[in-house]
Amino acid sequence: MLVSGSGTNLQALIDASSAAEYGAQIVAVGADRDGIEGLARAERHGIPTFVLPTSQFEDRPAWDVALADKVASYEPDLVVLAGFMKLAGPAFLALFGGRTLNTHPALSPAFPGMHGPRDALAYGVKITGATLFVVDEGVDTGPIVAQVAVPVLDGDDESTLHERIKTSERAMLVEWVGALARNGFHLDDRAVRLGGDTHDHQP
Ligand code: GAR
């Protein structure tokens, strides 16, 4: 898993994967910055961690190659981005395209980017939510695995809305990462279908 922040989505997957029947284990947690709660959560559970700040590389393509190599060294079947605030680059997608998931705190295709809850609030929508999708080269544009709707309430600010979204987002993530890991999945154009060998369907 790759994280950049508090890691509550990571924690939900750590908790779920403690049951053998869940069908997925977290082999490593990586981050683009040090000192975050997401890394501390992994360390407390004995999960290997690594940190690759973009500032330690000459440019973004060099970081992208290093990230791809590092993730590959753990031989994951699936990569889950949860609050990872960097875009996956071409080197990363060459290895992990078609089997990297990301979760976004808005109902795609509305409000992509770094500020889904803030943008939804500013627009005045009454319903927003979270989207789990297969990462492609765009910003929150990949094939959608699952979505969950969450109401916007009078008096919400960015923080209260985001926290309400995250409660539903974590449940969606746990349900679908488990289902995808247990069943495999494949892409049928933009539709994500359970079953089949994930590895046969990289772009
Ligand atoms: C989640 O809501 C996730 O969807 C969002 O950051 C939060 C991370 O929470 N990601 C993005 O906005 C990416 N564009 P967490 O660190 O507590 O899991």
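Just so you know, these numbers come straight off a predicted model, no measurement behind them.

Evaluation of the coordinates by the stated rule reveals 6 salt bridges. For Arg 118, the salt bridge identified is with Glu 158, shortest N-O distance 3.3 Å. Placement of the pair is Arg 118 in helix α5 (residues 116-123) and Glu 158 in helix α6 (residues 158-183), with a sequence separation of 40 residues. Under the relative-accessibility criterion, Glu 158 is labelled partly exposed at 30%. With a shortest N-O distance of 2.7 Å, Arg 164 and Asp 156 are connected by a salt bridge. Overlapping salt bridges bring together Asp 32, Arg 33 and Lys 86 as one network.

Around the ligand lies a shell of 14 residues, among which Ser 6, Gly 7, Thr 8, Lys 166 and Glu 169 are the nearest. Here an oxygen atom of the ligand and a side-chain polar atom of Asn 9 are 2.9 Å apart. Between an oxygen atom of the ligand and a main-chain N or O atom of Thr 103, the distance comes to 3.2 Å. Taken atom by atom, the bulk of the ligand overlaps the largest pocket. Residues belonging to the shell around the ligand are distributed by class as follows: 2 nonpolar, 10 polar and 2 charged.

Summary: where empty space remains is shown by rolling a probe the size of a single water molecule over the atoms. Counted as a void, the largest pocket has a volume near 630 Å³. Lining the largest pocket are 32 residues, and of these Gly 83, Phe 84, Met 85, Thr 103 and Pro 105 sit closest to its centre. Elements represented by at least two residues in the lining of the largest pocket include exactly α1 (8-16), β4 (79-82), β5 (100-104) and α6. Sort the elements by how many residues they give to the lining of the largest pocket and α6 lands first, with 4 residues.

Turning to the packing of aromatic side chains, a few remarks are in order. Under the criterion given, the structure shown has 4 aromatic pairs. Here the guanidinium or amino end of Arg 60 rests over the ring plane of Trp 63, the centre of that ring lying 5.6 Å away.

Turning our eyes to something else, we now look at the nonpolar core. Judged by nonpolar contacts, the single largest core of 33 residues is most densely connected at Met 1, Leu 13, Ile 26, Val 29, Leu 101 and Val 145. Those elements that place two or more of their residues in this core are α1, β2 (29-31), α2 (37-44), β4, β6 (127-134), β7 (144-151) and α6. The element contributing the most residues to this core is α6, with 6 residues. If sequence neighbours within four positions are ignored, Met 1 has contacts with Leu 10, Leu 13, Ile 26, Ala 28, Val 29, Gly 30, Val 80 and Ala 82. Grouped together as the second largest cluster of nonpolar side chains are 18 residues, Val 71, Val 79, Phe 92 and Leu 93 included.

Procedures and definitions
- Residues numbered from 1 in each chain as written.
- Predicted model: local features only at pLDDT ≥ 70, side-chain atom pairs only at ≥ 80, totals over all residues.
- Heavy atoms only, no water.
- Salt bridge = Lys/Arg side-chain N within 4 Å of Asp/Glu carboxyl O.
- Helix = DSSP H or I, 4+ residues; strand = E, 2+ residues; numbered from the N terminus.
- Buried < 20%, exposed > 50% of the residue type's maximum accessible area, 1.4 Å probe, protein only.
- Near = heavy atom within 4 Å.
- Polar contact = N/O pair within 3.5 Å; in protein donor to acceptor, adjacent residues only side chain to side chain.
- 1 Å grid on protein atoms, 1.4 Å probe; cavity = no way out; pocket = protein on both sides within 12 Å on 5 of 7 lines; lining within 4 Å.
- Sits in = over half its atoms within 2 Å of the grid points.
- Nonpolar A, V, L, I, M, F, W, Y, C, P; charged D, E, K, R; others polar.
- Points joined across faces, edges and corners; volume = space filled by probe spheres on them.
- Phe/Tyr/Trp six-rings, centres within 6.5 Å; stacked < 30°, edge-to-face > 60°.
- Lys NZ or Arg CZ within 6 Å of the ring centre and 35° of its normal.
- Core = buried A, V, L, I, M, F, W, Y, C linked by side-chain atoms within 4.5 Å.
- Contact = heavy atoms within 4.5 Å.

It is worth stressing that arrangement in space is one thing and function is another; only the former is reported here.
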